[in-house]
Amino acid sequence: MAFLDNLFRKKSIDDAITTAQNEEIHGAGGLDKNLSVRDLTAFGIAAIIGAGIFSTIGSASFNGGPAVVFLFIFTAVACGFAAFAYAEFASMVPVSGSAYTYSYVAFGELMAWIIGWALVMEYAVGNITVAVSWSGYFTGLCESAGWHIPSWATTDYVTAHAGFDEATAMLKGGKTAADFSQSQQESYEAWQSAPRIGGLRTILDIPAIVMSILLTALVYIGMKESKTAGNLMVVLKLIVVLLVIIVGAGYVNVDNWHPFVPNGFGGVMAGVSSVFFAYIGFDALSTTAEECKNPQRDLPRAMLYSIIICTVLYIIIALVLTGMVSYKELDVNDPLAYVFQKINLKWFSGIIAVSAVVAMAGVFLVFQLGQPRIWMTMSRDGLLPKRFSYIHPKFRTPTFATVVTGFFVVVPMLFIPSDTVLDLCSMGTLFAFVLVCGGVLKLQVQPNAPRGKFRTPYMNAKWIYPLGLVAGVAFLFTRYEADTKAWLSNEKQMYGVENLLHNIPESEMPAVQRFLSVRDSAGFAAANGVVADYLDGLESDAYNQTVTALPLPEEAKYESGWHLFKHKIPMWLFIFTCLTMAWLAFKHNLSLIPILGLVSCLYMMAQIPAKSWLGFFIWLAAGLVIYFGYGYSNSKLAKKQV
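Draft legend 1. Examining the overall build of the chain more closely. Looking only at helices and strands, one finds 31 helices and four strands in the chain. Counting the 642 residues in the chain, one finds 54% classified as buried. If you take every contact in the chain between residues at least 6 apart in sequence, the share linking residues at least 24 apart comes to 83%. When the accessible surface of the chain is split by element, carbon and sulfur atoms take 64% of a total near 27,400 Å².

Draft legend 2. Up close: the environment of Tyr465. By secondary structure assignment, the location of Tyr465 is in helix H19 (residues 464–479). Expressed as a C-alpha distance, the spacing of Tyr465 and Ser591, which sit 126 residues apart in the sequence, is 9.7 Å. In contact with Tyr465, not counting residues within four places along its chain, are Cys578, Met581, Ala582, Ala585, Leu592, Ile595 and Val599.

Draft legend 3. A look at helix H17 (residues 399–413). Between the first and last C-alpha of H17 there are 21 Å, a value that for 15 residues agrees with the 21 Å anticipated at 1.5 Å per step. Turning to H17, its buried residues are Thr399, Ala401, Thr402, Val404, Thr405, Gly406, Val409, Val410, Pro412 and Met413. Buried residues along H17 sit in contact with helix H7 (109–144), helix H10 (206–221) and helix H16 (346–380).

Draft legend 4. Region of interest: the environment of Ala622. Inspection of the secondary structure puts Ala622 in helix H30 (residues 610–634). C-alpha of Ala622 to C-alpha of Trp117: the two residues are 505 residues apart in sequence and 9.3 Å apart in space.

Draft legend 5. Up close: H10. Helix length check: H10, at 16 residues, gives a terminal C-alpha distance of 23 Å against a target of 22 Å (1.5 Å per residue), a fit within 8%. Of all the residues in H10, the buried ones are Pro207, Ala208, Ile209, Met211, Ser212, Leu215, Thr216 and Val219.

Draft legend 6. Just the nonpolar core, in detail. Grouped together as the largest cluster of nonpolar side chains are 159 residues, with contacts concentrated most on Ile317 and Tyr465. Element by element, the count of residues in this core is highest for H7, at 18 residues. With residues near it in sequence (within four places) discarded, Ile317 still touches Ile53, Ile57, Val241, Val244, Ile245 and Leu336. Counting residues in hydrophobic clusters, the runner-up holds 16 residues, among them Tyr495, Ile504, Phe524 and Val531.

Draft legend 7. Expanded view of the pattern of salt bridges. Enumeration over the complete set of coordinates arrives at four salt bridges. A salt bridge links Lys557 to Glu554, with the nearest nitrogen and oxygen atoms 3.8 Å apart. Placement of both Lys557 and Glu554 in helix H26 (residues 554–557) is noted, with a separation of three residues, approximately one turn of the helix. Residues joined in a network through salt bridges with shared partners are Lys492, Glu554 and Lys557.

Draft legend 8. Broad picture of the side chain of Ser151. Tracing the sequence through the fold places Ser151 in the loop between H7 and helix H8 (157–172). At 3.4 Å, the side chain of Ser151 and the side chain of Glu189 are in polar contact. Not counting the four nearest positions on each side in its chain, Ser151 is found in contact with Glu186, Glu189 and Ala190.

Draft legend 9. Layout of the packing of H7 against H16. Interaxial distance between H7 and H16 falls to 9 Å at its minimum, and their mutual angle equals 160°. Relative to H16, the element H7 is oriented roughly antiparallel. Seen from above, H7 lies across H16 with left-handed handedness. For the contact of H7 with H16, the class distribution of residues is 23 nonpolar, seven polar and one charged.

Draft legend 10. Geometry of the packing of H19 against helix H20 (residues 481–488). As a packed pair, H19 and H20 sit with axes 5 Å apart at the nearest point and diverge in direction by 105°. As far as their axial angle goes, H20 and H19 are roughly perpendicular. Taken together, the residues of H20 that come into contact with H19 (itself represented by Leu476, Phe477, Thr478 and Arg479) are Glu481, Thr484, Lys485 and Leu488. Considered class by class, the residues forming the contact of H19 with H20 number three nonpolar, two polar and three charged.

Draft legend 11. Representation of the packing of aromatic side chains. Applying the stated criterion across every chain yields a total of 25 aromatic pairs. Where Trp117 meets Trp619, the ring centres are 4.9 Å apart and the plane angle is 20°; that geometry is what we call stacked. In this pair, Trp117 sits in helix H7 while Trp619 sits in helix H30, placing the two residues 502 residues apart along the sequence. Their ring planes at 75° and their centres at 5.4 Å tell us that Phe431 and Phe616 sit as a pair that is edge-to-face. Taken together, the residues span a long stretch of sequence, with Phe431 in helix H18 (residues 418–445) and Phe616 in helix H30 at a distance of 185 residues. Taken individually, Phe431 and Phe616 each receive the classification buried, so the pair is uniform in this respect. Here the aromatic cluster, defined as three or more aromatic residues joined through ring pairs, consists of Trp113, Trp117, Trp619, Tyr627, Phe628 and Tyr632.

Draft legend 12. The arrangement of the side chain of Thr322 in detail. For Thr322, the position within the fold is in helix H14 (residues 295–324). Since its relative accessible area comes to 0%, Thr322 is described here as buried. Of the polar contacts made by the side chain of Thr322, one reaches the side chain of Trp257; its length is 3.4 Å. With residues up to four places along the chain from it excluded, the contact list for Thr322 reads Ser61, Gly65, Pro66, Asn256, Trp257, Tyr327 and Leu330.

The rules behind each value
Residues numbered from 1 in each chain as written. Predicted model: local features only at pLDDT ≥ 70, side-chain atom pairs only at ≥ 80, totals over all residues. Heavy atoms only, no water. Helix = DSSP H or I, 4+ residues; strand = E, 2+ residues; numbered from the N terminus. Buried < 20%, exposed > 50% of the residue type's maximum accessible area, 1.4 Å probe, protein only. Contact = heavy atoms within 4.5 Å. Areas by Shrake-Rupley, 256 points an atom, 1.4 Å probe, with all protein chains shown as cover. Expected span 1.5 Å × (residues − 1). Core = buried A, V, L, I, M, F, W, Y, C linked by side-chain atoms within 4.5 Å. Salt bridge = Lys/Arg side-chain N within 4 Å of Asp/Glu carboxyl O. Polar contact = N/O pair within 3.5 Å; in protein donor to acceptor, adjacent residues only side chain to side chain. Axes fitted to C-alpha atoms, helices over the stretch in contact; angles between N-to-C directions. Parallel < 35°, antiparallel > 145°, perpendicular 65-115°, else oblique. Left-handed = near helix turned anticlockwise from the far one by under 90°. Nonpolar A, V, L, I, M, F, W, Y, C, P; charged D, E, K, R; others polar. Phe/Tyr/Trp six-rings, centres within 6.5 Å; stacked < 30°, edge-to-face > 60°.

On their own, these measurements won't tell you what the molecule is for.
Written out as structure tokens, the structure reads:
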């Protein structure tokens, strides 16, 4: 029992504050207190307006159509609920550490370590995605200026290899290089043209690596310099975003907003991971608590201000984009630049590209500021070596932790594709949000729990939440009865085109081609005999009928059993959590806002593919090895017990 008790030993709020004060008095000097509410709000905007508004908004609009604005609103509301919880903890525990420190106070050491390790995934690993997106815009700018960067110098090894394999398979299937997507073309060219050292191809994203090193150096030098650079970046990109809205509004064709919800609710929610990625970063503000002039007042305000400002801008931008061109054209890496090219304002497209480079650099800067301060706080608690909490006597920054953070970004960038880490980054962030909301609820039911100057507005969830849950279930069983019952009974589902073709053995492809040519000779001929093109062109009912009739075994056409159920495990976890929260809300009169924050963030986690959940748990398992190998025995709380 002693072992289990030690896993959940908690840090008091006084301990958290005293630890930080002791570092300032007896350590190498504290962190500089430079940040006002304006600076913090600017940092929040710098983190939120970046890859989302310049890149991922395109794919989200393609999936959801103009109705993607509802997804932005939903995500903003979920983040807003979480922001209230963060603000309450930041007011209560005004020290660096973010969700890690808050979990230490609310849940104990083991959960604090887990969330701290998850935050490594959010900040350090998430910056890989930001750096790669930045590299894409920078490369495009160089191309427009007449300076060509070879494809092998603008991607990672794994992405190039996978893209080359996809392109090769397409060539075998009868398609030509003209049918390749832009990413497939770049990967194919990168793999073919890469210089070799022995038998190994040299493929690495040089612009992303160089940018990462330079901005890490800026974070190393000091908060004051980082603050100045961040503020300048925010001003520039806000000017460009406002210009996009003003100029683009004159080219909006309201006919492009019809239909407003072309792909239904599923289409809107298909972009949840990328849209949520557009919002993460506001929580990085809580890692700067020790550098705020008045953290208990300014941090809550800055978090909410930045979310509100950015949500309004996201909604307007989404409406402008989907009004200027059809949503069907927006599945591109640079949607803002693309729409202005379409209306022959190429000079303005260039301005947007320059702003995107600056904007994403700003996001990278904020994330790179956040991670070293998490490690610094974990080191102060004894869970990491003392070196991580070293404060440089001149720069007054956690320099060693900053350098390690740089390595955590640059080294994985050589071999981990950015699309893989996008889901993992969102997982780590949402997990942090869930725990922080849960921490507020846990403190609420504790007698004599400490409170800060800011408190989440209280609304009794005793009846509201359970009744809302019942109403939601009733809606599903009345409006979507067939789909709901099919989901609950794990009824088999037909594969989409891509997975279907993957399941067809190469030896069976000639038989499939003969079948289609006999069944619909005119349609198959119009598709030039390419199976993928023919199936892609079918309407939903025609596709279902055609695949059902294909001379293939059932397992090649349908996903069923465990293979289907495993994708639903995250959603079942969400369902059980919702039911548990209903019981707790009724029993303890819990506050509604943190409950809604917890369940809405967990719902977004449930929309992320199960394979990413597996990767997330593998990451957490690696962190537990470090904790039990070092942190458990070196914890300062453990030494106090001796």
